[in-house]
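Below are the chains, spelled out letter by letter.
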Amino acid sequence: MDTNHASERDLQARIRAGDEGAFDSVFRTHYANLVRMGESIVRERMLAEEIAQEVMLELWRRRESLQIEQSFRAYLIRSTRNRALNHIRHQRVVAREAESAALESPTSPSAEDEVLGLELERAVRGAIDGLPVNCREVFLLSREQGLKYAEIAVALEISVKTVEKRMGQALSELRDRLAAWLPGRTGERGRKTPV
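Residues numbered from 1 in each chain as written. Predicted model: local features only at pLDDT ≥ 70, side-chain atom pairs only at ≥ 80, totals over all residues. Heavy atoms only, no water.

Before going further, it helps to spend a moment on the overall build of the protein chain. In terms of regular secondary structure, the protein chain is built from eight helices and zero strands. Per-residue burial for the protein chain yields a buried fraction of 25% across its 195 residues. Pairs at least 24 residues apart make up 54% of the contacts formed inside the protein chain by residues separated by at least 6 positions. Only carbon and sulfur atoms are counted for the fraction: they give 50% of the accessible area of the protein chain, which is about 13,300 Å². (Helix = DSSP H or I, 4+ residues; strand = E, 2+ residues; numbered from the N terminus. Buried < 20%, exposed > 50% of the residue type's maximum accessible area, 1.4 Å probe, protein only. Contact = heavy atoms within 4.5 Å. Areas by Shrake-Rupley, 256 points an atom, 1.4 Å probe, with all protein chains shown as cover.)

Structure representation (structure tokens):
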């Protein structure tokens, strides 16, 4: 036990003095264990290898002020564990921020979009209300009630051909009345407006 402790102190002193051979000895002795420790936490081999390498690199960078009270093994395992847990915590924070940003992103309509939506809704309602009564009746039964042409024909006691004709007329008039709102068209609003 004392010889182990003495050899640890010797290694520490040699590393502190910049002895690359001593550092290489510690690296080869402990690296595989550090990777296993890291992988047990982060669940990803390559990431665990990066963490183990960072721990060893930090040991070398801080070699001149190195004060290890316990064994190299205990010190390195603790450092690897802490670094792996910090990585997990950081990933959780990033995930929470991404989730929060997604919730706050402009998926909800802006005030301008809401106003345009209301204007469009009024324009559509006005255009439908402006249709001749028989065309409006066919259009509403089809679009709002979801009836098929044959069902509309039965309900209104007219032929399917008449339903088709009235629906065609309704759609044609609606296209004309809502030209300003249709993509790629310019109407009374004076600009191309996407719907």
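With that settled, the discussion passes to the environment of Arg-81. Along the polypeptide, Arg-81 turns up in helix H4 (residues 72-104). Here the alpha-carbon distance between Arg-81 and Val-55, two residues 26 residues apart in the chain, equals 9.8 Å. With residues near it in sequence (within four places) discarded, Arg-81 still touches Met-37 and Ile-41.

Once that is clear, we can look at the nonpolar core. Side chains of nonpolar character tend, in soluble globular proteins, to be buried together. Grouped together as the largest cluster of nonpolar side chains are 24 residues, with contacts concentrated most on Ile-15, Val-26, Leu-59, Phe-72 and Leu-76. When residues of this core are traced back to their parent elements, those giving at least two are helix H1 (2-16), helix H2 (20-42), helix H3 (45-61) and H4. With eight residues, H3 is the single largest residue contributor to this core. Excluding residues within four positions of it along the chain, Phe-72 makes contact with Glu-8, Leu-11, Gln-12, Ile-15, Val-26, His-30, Leu-59 and Leu-66. Membership of the second largest hydrophobic core comes to 16 residues, among which are Ala-127, Cys-135, Phe-139 and Trp-181. (Core = buried A, V, L, I, M, F, W, Y, C linked by side-chain atoms within 4.5 Å.)

What follows deals with the pattern of salt bridges. Oppositely charged side chains can form a pair if their charged atoms are brought close together. Inspection of every chain in the model, using the stated rule, returns nine salt bridges. For the salt bridge of Asp-19 with Arg-14, the shortest nitrogen-to-oxygen distance reads 3.0 Å. One salt-bridge network, in which partners are shared between bridges, spans Asp-10, Arg-14 and Asp-19. (Salt bridge = Lys/Arg side-chain N within 4 Å of Asp/Glu carboxyl O.)

Now for the side chain of His-30. For His-30, the location among the structural elements is in helix H2. Judged by relative accessible area, His-30 falls into the buried class, the value being 11%. Ignoring sequence-local partners within four residues, the contact set of His-30 consists of Phe-72, Arg-73 and Leu-76.

This next bit is on the packing of aromatic side chains. Under the criterion given, the structure shown has three aromatic pairs. Pairing Phe-23 with Trp-60 gives two aromatic rings, centres 5.1 Å apart and planes at 55°, and the pair type is tilted. Of this pair, Phe-23 sits in helix H2 while Trp-60 sits in helix H3, and the two are 37 residues apart along the sequence. Across the pair, exposure class does not vary: Phe-23 and Trp-60 are buried alike. Summarising the aromatic geometry, the rings of Phe-27 and Tyr-31 are spaced 4.9 Å apart at their centres and angled 15° between planes, so their arrangement reads as stacked. A residue pair is termed a helical-turn pair when its members lie 3 or 4 positions apart in one helix, as Phe-27 and Tyr-31 do in helix H2 at four residues. Judged by its relative accessible area of 25%, Phe-27 falls in the partly exposed class. In this structure an aromatic cluster arises from ring pairing among Phe-23, Phe-27, Tyr-31 and Trp-60. Sitting over the ring of Trp-60, Arg-63 keeps its end group 4.0 Å from the ring centre. (Phe/Tyr/Trp six-rings, centres within 6.5 Å; stacked < 30°, edge-to-face > 60°. Lys NZ or Arg CZ within 6 Å of the ring centre and 35° of its normal.)

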